[in-house]
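# Topology and contacts: notes
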Number of protein chains: 2
Amino acid sequence: MKQKRYILPESEIPTQWYNIQADMVNKPQPMIHPGTKQPIKAEDLYPLFAEECARQEVNQTDRWIDIPEDVREKYAYYRCTPLVRAYGLEEALGTPAHIYFKNESVNPLGSHKLNSAIPQAYYCKQQGVTNVTTETGAGQWGAALSYAAKLYGLDCAVYQVKISYEQKPYRRSIMNVFDALVTPSPSMSTRAGKDILTADPNHQGSLGTAISEAVELAMTTPNCKYLLGSVLSHVCLHQTVIGLEAEKQMAMAGEYPDIVIGCFGGGSNFSGISFPFLRHNLLDGKKTRFIAAEPASCPKLTKGEFKYDFGDETGLTPLIPMFSLGHDFRPANIHAGGLRYHGAGAIVSQLLKDGLIEATDIRQLDSFAAGVLFARAEGIIPAPESCHAIAAAVNEANKCKESGEQKVILFNLSGHGLVDMSAYDQYISGTLANTGD
Amino acid sequence: MKQKRYILPESEIPTQWYNIQADMVNKPQPMIHPGTKQPIKAEDLYPLFAEECARQEVNQTDRWIDIPEDVREKYAYYRCTPLVRAYGLEEALGTPAHIYFKNESVNPLGSHKLNSAIPQAYYCKQQGVTNVTTETGAGQWGAALSYAAKLYGLDCAVYQVKISYEQKPYRRSIMNVFDALVTPSPSMSTRAGKDILTADPNHQGSLGTAISEAVELAMTTPNCKYLLGSVLSHVCLHQTVIGLEAEKQMAMAGEYPDIVIGCFGGGSNFSGISFPFLRHNLLDGKKTRFIAAEPASCPKLTKGEFKYDFGDETGLTPLIPMFSLGHDFRPANIHAGGLRYHGAGAIVSQLLKDGLIEATDIRQLDSFAAGVLFARAEGIIPAPESCHAIAAAVNEANKCKESGEQKVILFNLSGHGLVDMSAYDQYISGTLANTGD
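Residues numbered from 1 in each chain as written. Chains lettered and ligands numbered in written order. Predicted model: local features only at pLDDT ≥ 70, side-chain atom pairs only at ≥ 80, totals over all residues. Heavy atoms only, no water.

This paragraph deals with the side chain of threonine 133 of chain B. All names here are of chain B. Here threonine 133 shows up in strand β6 (residues 131-136). Residue threonine 133 is classed as buried on the basis of its relative accessible area, which comes to 0%. In this structure threonine 133 touches Ala157, Tyr159, Ala214, Leu217, Ala218, Cys224, Lys225, Tyr226 and Leu227, once residues within four positions along its chain are discounted. (Helix = DSSP H or I, 4+ residues; strand = E, 2+ residues; numbered from the N terminus. Buried < 20%, exposed > 50% of the residue type's maximum accessible area, 1.4 Å probe, protein only. Contact = heavy atoms within 4.5 Å.)

Below, the structure written as C-alpha cells:
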C-alpha cells in the first residue's frame, strides 16, 4: 500500500521554535516608534504585548527559542499534524510532480492559528494578565485565540472584520462557544471605530481597522494585552513548528521539497512552513524555491512598495518595515478574509527584498477552482485562504506536466473551509466575483 | 509530558472487519420479506444493495471479513484516527475516572460515516453500478457518501431530511462541492414523498421518510443501488475499524475500558466502537459495560418495543427484528438529526434484549451542556449527536467522583459540530428547547 500520510508521535513535537532572524545576513530593519522615530526596543512593546512576546519580537540573535513545556502539552491536543502525499490531486492533474501538503486543517479550531494563540495566551497568563483582545478577519485567529484564552482562564474580546462577521456567522458562534465577546468592526465601541464610521458609515471593515480597535481597547483597559495572529516576527516564530515537523516528515518520505508554498495574508502560515526549510538555503546551499501566494485583490508582495508603514488603519501601531499597499488600503470583499491585509511582516518583506523568496498573486475564481479540484481529489474542503496556496501548487505542478520534471512540491493547508461554505455555494452557482482582475 | 494522543501508523489500519454475529450465542433473527414472510437471503437484497454488502448483511459465521486493499488505501486518507485522553474534561469534572475518546471527528468529512461509505461505494463500482442514492439526516452520511461516490466516479443523489436541510445548510453545500444532487425530503420527486406530503403538507421529514424516497429511487432507476449509513449489519461491520484501532491504542495507554459509550441513532458508531471490545466479554470473560446514548425524544432502546418492523416510514424495506418506536414514529425536531430514527439495528437489538449492552436516554439541553463543557476543555466542538455520548460519559464520570472509583471510560467522538453552529447559538442564547422531557 502506498503511504499516504506521514505521522509523527507526540514526542516529536518540536522543543524549540526556529528564529530565522539569527541566520539572515540582512536582518529585518527595526520597527520605529512613530513619535520618537527611534527603533523600538522590547520594553517599548511591553504595554501592548506579553513581555516574552515583545522580547521574541526583537530577538535577532538566538537561532532556537525554547517552547515552554506547558505549551508543548497544549500543542499535543492536535500536534504533530500529518504530512500528506496528495496522490489524488497528482492524479487529477496528471502531473509527474510529487505534491505534499502539511495538514494544519486537522486542528480542531480549523487552522494553524492555534500554534501562536497558545503560547501568546500562555505568556500573558504567566505574567498575570487577565484580559486579552485581538482582531480577526475570517475568524480563524479569533476562534483560535478564544479557545487559547479559555484554556488559560483569560477573558477575551475579539473585533471581527464586519464583512467576515456577516459572511461567516458560524465563526462568531465558535468564538461564543469559547466565551469570547465578539464585536463586528468598525464598531462604535472605540474612538478609532467611531472615527472610521463617521467618515464612512458603510465601511465593511478590514484587518487594519479591526487592529486599530483592538489596540485601542488594550491600551485603555487595565491588565489587558493585545495579541496578533500574523505579521509580527514572534508570531512567525511560533508558526515554525509547522515546517520543523514537515522537515522530519519529508525525510520519512525520503524526499526534499524543490518548492514550498503558503498562502499569504500577513505571513504567519507562509513563514511557518517556509523558514525551517529556508534555513537550509541560507546555511547548507539548498536551492528550494519559496512562493507566497497572495490574492490578486490585495497584492502587497507583488505590487506593494517596501517602506515603513503602520500595521493598522488609523496609525496606532509602531512603524513596520514592510511591503505595503498603504495602511489605508481598502481590500475588496473576497472570501479569503484572512488575506485581506495591506502589509507583510518585516522578516518576509526583507526576504522578498533580498530575492530569497518569491510571490505570486491568485485571482479569487482561480483560487476556488483549485480548492474544488483539491476537495474532490483529497476529500478535504480547504479554507478560501488555503485555496490560494493550492492554486499556486497547481500552477507549479502544471508546469512540471509541461516540462516533464518530477519536482517535489510542498504546500501548507492552513485550514479547512467547513465554516466558509457560503463562498463555495457562490462559486458553484457561478455568482462569485473574480475580484482582483 | 503526559501523553495526550495515541497515534497509530497507516500500517496499523485494520486488514479485516470484525463480524460480531459469528460470536453471538443468540444470533440476530433474520430480516423477513414483507410479502412472502420468508427470511431474507442475500440474493433477495441484490436488487437494492451492492451484492457483497448483501452477502455481508446475512453473514453470521465468518468472524473476520477482509477489507479490500483499495478500501484500506482510501481509509489512509484519514485513518488511523487518534485515541485521546481527555485530561481537560477530567479536570473540568474533578473526576478520578480516566476518560478517553476515539476522535472520528478528524475525518475531513467530519464524522465516522466515511468508514462505511468508502467500502459501499467501492463494492458498487466493482460490480459496475453507476448511480447510488441514499437518505441523510444531519448530513454526515450524505456528505460522506457524496465524497466516496466522487472517489469512485459514481453519480450520487441524496434525500436529506427537510428539517436538517433547513437547519444545516452548509451540509448541503458540502455535498454540492462533491457534485451530489441533494433533495429535501419529503419531496414531490417520489411516489412515497408525494403520499406523505399529500397527507401532511408540513411534514418536516424523518430518516424513515427519506429512506422511503431513496429506496424508491433506487428501485426505479437503472443500474442504481441504495446505500445506507446505519442500522444494517454490514454498516456496523464496516464501522468496527473504530474499535479495532481503539483496542490497540488503549493497549498503548496501558489501560482497558470499564465502560464504552457511543451515541445511538441506528447503531453505526456505537457498534463500531463497541463490538471489538464486546468480543472480549463474549469470549474472554471481560466485564466491560457498553452504553448506547440515545435522545430522550427518540427513545427506541429505552422505551421502544422489540418486534419486526419496517426500516422506513412507508414500508418499502424488509421487516427487521428490532427495538422500535413504530415505523411511523415522528421524532421531535432536535438538532441531533442523525439520531432521529425510530428503530435500532438487528444486532444491537439482540444484544440489548440479551442484556449484553445497556442504553440511556439524554435530553437535548443536557447533551449541549455536556458538549459545551467538552469543547471548552478539549478544544473540539462536538456534533450534536456526539454530545449525547459525551453526556453519558460525563454522567458515568460523575458517578466515579461520588464513589471515588477510578474507572476507565471510553467514548466515541463520532463527529465535529462545526456545521451545526446554529444549534450552539440557540443553546448559548437560551432559546433551545429541551425536547424530549
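Once you've had a look at it, read on.
With that settled, the discussion passes to the side chain of arginine 79 of chain A. Note that arginine 79 of chain A resides in the loop between α3 (69-75) and β4 (83-85). The exposure class assigned to arginine 79 of chain A is buried, which follows from its relative accessible area of 0%. At a separation of 3.4 Å, a polar atom in the side chain of arginine 79 of chain A contacts the side chain of threonine 81 of chain A. With near-sequence residues (within four places) excluded, arginine 79 of chain A lies in contact with Glu10, Ile13, Lys102, Glu104, Asn115, Val241, Ile242 and Glu245 of chain A together with Arg5 of chain B. (Polar contact = N/O pair within 3.5 Å; in protein donor to acceptor, adjacent residues only side chain to side chain.)

Another aspect to go through is the relation of the copies chain A and chain B. Here chain A sits on chain B after a turn of 180 degrees about the axis and a move of 0.0 Å along it, with an RMSD of 0.0 Å. Considering both components of the superposition, the chain copies are consistent with a two-fold axis. The position closest to the rotation axis in chain A is occupied by the C-alpha of valine 106 of chain A, lying 3.0 Å away. Interface overlap between copies: 98% of the residues of chain A at the interface are likewise at the interface in chain B, consistent with a symmetric, same-surface contact. (Least-squares fit on C-alpha atoms with pLDDT ≥ 70 in both.)

Residue and element names in this part refer to chain B. Within the secondary structure layout, alanine 144 lies in helix α6 (residues 140-151). Taking relative accessible area as the criterion, alanine 144 reaches 0% and is therefore assigned buried. On a C-alpha basis, the gap between alanine 144 and serine 173 in space is 13 Å, while along the polypeptide they are 29 residues apart. Residues contacting alanine 144, with those up to four places away along its chain left out, are Leu109, Lys113, Leu114 and Ala117.

With that settled, the discussion passes to the pairing of β6 of chain B. For a regular strand, side chains alternate in direction, first toward one face of the sheet and then toward the other. Residues and elements named next belong to chain B. Among the 6 residues of β6, 5 are classified as buried, and the element is accordingly described as predominantly covered. The handedness of the β6 to strand β7 (residues 155-161) crossover, carried by α6, is right-handed. As defined by bridge partners, β6 adjoins strand β9 (residues 224-226) across 3 bridges and the pair is classed as parallel. Its bridge partner lying in β9, asparagine 131 is registered against cysteine 224. (Right-handed = clockwise from strand over helix to strand, strands pointing away. Pairing = 2+ DSSP bridges.)

This part takes up the interface of chain A and chain B. With 49 residues of chain A in contact, the opposing surface of chain B contributes 48 residues. Roughly 4200 Å² is buried in total at the junction of chain A and chain B, and carbon and sulfur atoms are behind 61% of that figure. In terms of surface lost to chain B, no three residues of chain A exceed Met1, Tyr170 and Arg376 of chain A, which account for 19% of the buried area on that side. Taken together, the links from chain A to chain B amount to 4 salt bridges. Measuring nitrogen to oxygen at the nearest pair gives 3.2 Å for the salt bridge that ties arginine 376 of chain B to aspartate 179 of chain A. Along the contact surface separating chain A from chain B lie 20 residue pairs in polar contact (both at pLDDT 80 or more). Secondary-structure elements contributing two or more residues to the side of chain A that touches chain B are α3, α6 (140-151), α8 (169-177), α15 (364-378) and α17 (421-429) of chain A. In terms of residues, the side of chain A that touches chain B owes the most to one element, α8 of chain A, which gives 7 residues. (Buried area = accessible area lost by both parts, 1.4 Å probe. Salt bridge = Lys/Arg side-chain N within 4 Å of Asp/Glu carboxyl O.)

With that settled, the discussion passes to the environment of glycine 343 of chain B. All names here are of chain B. Of note, glycine 343 is situated in the loop between β13 (319-324) and α14 (346-353). In this structure the C-alpha to C-alpha distance between glycine 343 and aspartate 312, which are 31 residues apart in sequence, comes to 9.3 Å. Setting aside residues up to four positions removed in sequence, glycine 343 forms contacts with Gly265, Gly266, Lys300, Met322, Phe323 and Ser324.

Quick look at the layout of surface pockets now. Taken as a whole, the largest pocket spans an internal volume of roughly 420 Å³. Along its surface, the largest pocket is lined by 17 residues, and Gly88 and Glu91 of chain A together with Lys74, Tyr77 and Leu151 of chain B are the ones closest to its centre. Among the secondary structure elements, those contributing two or more residues to the lining of the largest pocket are α4 (87-93) and α15 of chain A together with α3 (69-75) and α6 of chain B. Its residues placed into classes, the lining of the largest pocket shows 8 nonpolar, 1 polar and 8 charged. In this structure, the second largest pocket occupies an estimated 350 Å³ of space. The set of elements that each furnish at least two residues to the lining of the second largest pocket consists of α3 and α6 of chain A together with α4 (87-93) and α15 (364-378) of chain B. For the lining of the second largest pocket, the element with the highest residue contribution is α4 of chain B, accounting for 4 residues. Of the residues contributing to the lining of the second largest pocket, the split by class is 6 nonpolar, 1 polar and 7 charged. (1 Å grid on protein atoms, 1.4 Å probe; cavity = no way out; pocket = protein on both sides within 12 Å on 5 of 7 lines; lining within 4 Å. Points joined across faces, edges and corners; volume = space filled by probe spheres on them. Nonpolar A, V, L, I, M, F, W, Y, C, P; charged D, E, K, R; others polar.)

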